[in-house]
Amino acid sequence: MIALLACAAIGAGPRILELPDATEDRIVIQALAPLPELGDRELAHARILAEVLSEGTDDYSAATIRRFSSMAGQRLRSTVMPDHIRVQLVVPKGQFATAVSLIDSILRRASLAEEAIVAAQKALPYRFNSYWREALDPWVAEYGRLRREDIVSLYKRAFAPDKLTIAVAGAFVPGEAQAVLAARFEGWTAPRLPSYRPSRPPKPLFSRTRSVTTIELSSQVFAANDPQFPQKLMAAIALGTGKASSAWRVWRDAMGATYRQEAVLWPDAKGFKIRLLAATLPVDEPEKLGESMRKGLIEDVDKWNFETLERTLGMAEGVLLNSIPLSPLYLGGSMPLGDSLEDRAFMAAYWLMKTGKTFDAPSLHAEMRQIPLEDLQKAARELLESSVIAVISGSK
């Protein structure tokens with residue numbers, strides 16, 4: 001496990017985190033740009049922007065970017081979540097100068113060529129997604145009436161220097177990232193941009209042609225720095241993480257309704273939400289099934305005991321301190337975060353961007369250990385009773 005060594009802001013520029021580890025054979029750079037609340041048109045702009053960032057800059061062709069960013073076996077990765085755009089670059093040990101030059105060019109001088117934008121505009125609405133990815137990100141973007149200047153405007157707004165958070169992890173000398181990036185970004189100032197007003201909210205997907213229905217119980221959005229965050233995350237783990245969770249016990253075993261069920265901590269532009277997701281065979285009235293599933297969980301929460309509390313704390317320890325694959329931390333994409341160098345660098349950058357603080361897993365788990373059973377049950381009931389049911393119906 002690598003530890004955060006340094007965190008600093010470069011004047012009014014990006015915040016830089018260093019996570020050096022001499023045992024690694026590669027260097028990871030994670031650059032995160034926060035996003036405002038997106039309407040259906042801005043969601044299309046963000047998805048297209050992420051798609052075309054690797055298609056060339058003023059300094060590097062698309063082929064050169066692919067060649068350089070593949071030296072460590074991974075191509076440049078750009079992803080969109082409800083609250084950020086992420087650019088991930090991985091290079092072999094000894095190639096830090098190349099990585100800095102490349103990431104600087106992508107963050108400040110991306111080409112955003114008209115032909116690349118048009119190609120993405122045509123392809124993205126028809127790209128295949130698994131049913132689980134659709135359930136995680138069901139929002140339908142508006143790809144019509146799109147102009148290149150829309151993409152350029154979002155690029156300038158999102159990748160403004162005072163908003164960026166960059167984590168560098170792996171095989172480099174402590175202090176090197178701070179020094180090199182400070183010199184590279186010196187004099188970079190945020191552009192003046194018009195005020196931002198999103199278009200109408202995106203509508204969710206309601207049906208799919210595949211024979212799988214997904215049902216969701218989604219909590220209300222809560223702030224990233226909510227003082228009740230430990231209770232909420234712990235409630236999510238108790239409700240939907242692992243075979244001993246309430247969702248498995250009630251939805252899968254007792255009701256026989258689902259064949260996949262998970263609790264997810266999901267980002268939102270205004271904070272986080274807890275989402276309980278389940279996959280089931282198509283049924284005639286999935287909303288009624290969702291209500292029955294909610295009622296079953298509430299009844300189960302009333303039966304929680306000391307054993308439930310200890311099991312949840314053990315699972316939380318696995319998630320936070322041992323990076324077990326069963327995790328509700330879906331903060332960076334369609335898979336939960338793990339213990340890879342890439343995920344650790346991302347989590348360091350993300351938590352600083354989101355909360356203004358460094359992520360301290362041991363302290364979070366220590367807070368969880370102080371939560372009495374009654375408070376855990378209360379957090380779970382509040383989550384369930386205020387949750388919104390959403391359904392994507394599969395075809396029979």
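The coordinates are above.
This structure is a prediction, so every number in the text was calculated from the model and none was measured.

Undergrad: Where do I start with the pairing of strand β4 (residues 77-81) in this structure?
TA: With five bridges joining them, β4 and strand β5 (residues 84-92) adopt antiparallel strand pairing. Paired with V80 across the strands is I85, a residue of β5. Connecting β4 to the next strand, β5, in antiparallel fashion are two residues.

Undergrad: What should I look at first to understand the pattern of salt bridges in this one?
TA: Working definition: two side chains of opposite charge can pair if their charged atoms are close together. Applying the stated criterion across every chain, the model contains 26 salt bridges. Note that R26 and D25 form a salt bridge whose closest N and O atoms lie 3.7 Å from each other. By relative accessible area, D25 is classed as exposed at 53%. E134 is paired through a salt bridge with R208; the nearest N and O atoms lie 2.8 Å apart. Of the two residues, E134 is situated in helix α5 (residues 131-136) and R208 in the loop between β8 (203-204) and β9 (213-218); the sequence distance between them amounts to 74 residues. Each member of the pair, E134 as well as R208, is classed as buried. Among the charged side chains, a salt-bridge network with shared partners connects E24, D25, R26, D339, E342 and R344.

Undergrad: Just checking my understanding: could you explain the nonpolar core for this structure?
TA: Across soluble globular proteins, nonpolar side chains show a tendency to be buried alongside one another. Membership of the largest hydrophobic core comes to 65 residues, with the highest contact counts inside it found for W251, L265, F272, L276, L331, M368 and L384. Tallying contributions element by element places helix α12 (residues 341-355) first for this core, with 10 residues. Ignoring sequence-local partners within four residues, the contact set of L384 consists of L217, L239, L276, R294, L297, I298 and V301. I16, F96, I117 and A171 belong to the second largest nonpolar core, which has 52 residues in total.

What counts and how
- Residues numbered from 1 in each chain as written.
- Predicted model: local features only at pLDDT ≥ 70, side-chain atom pairs only at ≥ 80, totals over all residues.
- Heavy atoms only, no water.
- Pairing = 2+ DSSP bridges.
- Helix = DSSP H or I, 4+ residues; strand = E, 2+ residues; numbered from the N terminus.
- Salt bridge = Lys/Arg side-chain N within 4 Å of Asp/Glu carboxyl O.
- Buried < 20%, exposed > 50% of the residue type's maximum accessible area, 1.4 Å probe, protein only.
- Core = buried A, V, L, I, M, F, W, Y, C linked by side-chain atoms within 4.5 Å.
- Contact = heavy atoms within 4.5 Å.

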